[in-house]
Amino acid sequence: MKKHLKKYLTMASILSLALFLAACSNKPINSRSTGIWDKGIVYSFSRAIIWLAHTFGGYGMGIIIFTIIVRIVILPLMIYQTKSMRKTQELQPKLKALQKKYSSKDMETVRKLQEEQKQLYSEAGVNPFASILPMIVQLPVIYALYQAIWRTDVLRGGSFLWLELGHRDPYFILPILAAVFTFFSSWLSMASQPEKNTMTSAMTWVMPIMIFFMAMNISSAISLYWVVTNAFQVGQTLVIQNPFKINRERAEKEAAEKAHRKAVEKAKRNARKSRRK
């Protein structure tokens, strides 16, 4: 009961933060803006992007470079979150076994299930909610970057390659790229899970479709941001959570454990034969 309560409270906190950020003003940001969020954060991000644009030759390059810088800055949080999630995923078969063992809903059985789950987490050195905190920290940073692009007239009014950053991509190249990178980002994060979840698997397909249609109807500046951030996510996953490496290591570990069990059983059989003689 406590575990579910903590989970719901955590998710409620994330939802509340998301709603708070979404409720922030969408008026154009400029030097006359006030407040910690508008003036202190969003406007500062906006000025940094513009400076990079002037330094590296164009507003599109400013958006790309600053997006990458932000992703690098929050990378330690992402690594921590990824490691915590991976440890939790590895425990899923054992957690399901415990849930099957203590399937009864009476209070005593539920209490025993919670105790054994807590012990399992403790022995594995896993905090099931450790991956939530980095998510809460990342959300306002990423949203501030989004608003800095969306609310800065000069960024949306510039041009980059074939794009007018304030208008839709006329050839739909960015929407396609945003959808493709979103798909691969989701697919790669799913590929390393020992057990697949139907809902998460469905979202692997649903999110790219949503991103594609949204990117078709918004400014190229935001579409460019989506392409860069999801492309970075793909590279990040391949480096710190490479599913091919994880699955190979998991298969090797399972093979070693299976061989060990066979060796133990064989040794027991030989011992029993020796006693009979």
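The coordinates are above.
Residues numbered from 1 in each chain as written. Predicted model: local features only at pLDDT ≥ 70, side-chain atom pairs only at ≥ 80, totals over all residues. Heavy atoms only, no water.

(A) Local environment of helix α9 (residues 173-191). Look at α9: 27 Å from first C-alpha to last across 19 residues, which is about the 27 Å you get at 1.5 Å a residue. For α9, the complete set of buried residues consists of L174, P175, A178, A179, T182, F183, S185, L188, M190 and A191. (Helix = DSSP H or I, 4+ residues; strand = E, 2+ residues; numbered from the N terminus. Expected span 1.5 Å × (residues − 1). Buried < 20%, exposed > 50% of the residue type's maximum accessible area, 1.4 Å probe, protein only.)

(B) Spatial organisation of the nonpolar core. In terms of nonpolar packing, the biggest core is built from 35 residues, with I49, I63, L145, I149 and W226 touching the most fellow members. Those elements giving two or more residues to this core turn out to be α2 (36-56), α3 (59-73), α7 (132-150), α9, α10 (198-216) and α11 (220-240). With eight residues, the top contributor of residues to this core is α2. If we skip the residues at most four places from it in the chain, I49 touches G62, I63, F66, L145, A148, I149 and L155. Grouped together as the second largest cluster of nonpolar side chains are seven residues, L98, L113, Y121 and V126 included. (Core = buried A, V, L, I, M, F, W, Y, C linked by side-chain atoms within 4.5 Å. Contact = heavy atoms within 4.5 Å.)

(C) Region of interest: the side chain of T67. One can find T67 in helix α3. Exposure remark for T67: the relative accessible area of 0% places this residue in the buried category. In contact with T67, not counting residues within four places along its chain, are L145, Y225, V228 and T229.

(D) Focus on the pattern of salt bridges. One pass over the full model with this rule turns up one salt bridge. Of the charged contacts in the structure, one is a salt bridge between R151 and D38, with a shortest N-O distance of 3.1 Å. In this pair, R151 sits in the loop between α7 and α8 (153-156) while D38 sits in helix α2, placing the two residues 113 residues apart along the sequence. Grouping residues by exposure puts R151 and D38 together as buried. (Salt bridge = Lys/Arg side-chain N within 4 Å of Asp/Glu carboxyl O.)

(E) Broad picture of the environment of I41. Here I41 is to be found in helix α2. Judged by relative accessible area, I41 falls into the partly exposed class, the value being 29%. Among all residues touching I41, those that are not within four sequence positions of it are I36 and A144.

(F) The arrangement of unusual backbone geometry in detail. The phi dihedral of L161 is positive, around 55°, even though this residue is not glycine. When you line up the elements, L161 lands in the loop between β1 (159-160) and β2 (163-164).

(G) The arrangement of the environment of S44 in detail. Structurally, S44 is set in helix α2. Residue classification places S44 among the partly exposed residues on the basis of a relative accessible area of 37%.

(H) Broad picture of helix α4 (residues 75-90). When the terminal C-alpha atoms of α4 are compared, their 22 Å separation across 16 residues agrees well with the 22 Å that a helix rising 1.5 Å per residue should span. Inspection of α4 places M78, Q81, T82, S84, T88 and Q89 among the buried residues, and these make up the whole buried set. Buried residues along α4 cover an arc of 170° about the axis, so they all sit on one side. The outward face of α4, more than 90 degrees from its buried face, is lined by the exposed residues P76 and K83. (Arc of directions from axis to C-beta.)

(I) Just the packing of α3 against α11, in detail. Contact geometry for α3 and α11: axes closest at 10 Å, N-to-C directions at 40°. Both α3 and α11 take part in a crossing whose hand is right-handed. Residues G60, I63, I64, T67, I68, R71 and I72 of α3 touch α11, and the partners they reach there are A221, L224, Y225, V228, T229, F232, Q233 and Q236. Partitioned by chemical class, the residues of the contact of α3 with α11 number nine nonpolar, five polar and one charged. (Axes fitted to C-alpha atoms, helices over the stretch in contact; angles between N-to-C directions. Left-handed = near helix turned anticlockwise from the far one by under 90°. Nonpolar A, V, L, I, M, F, W, Y, C, P; charged D, E, K, R; others polar.)

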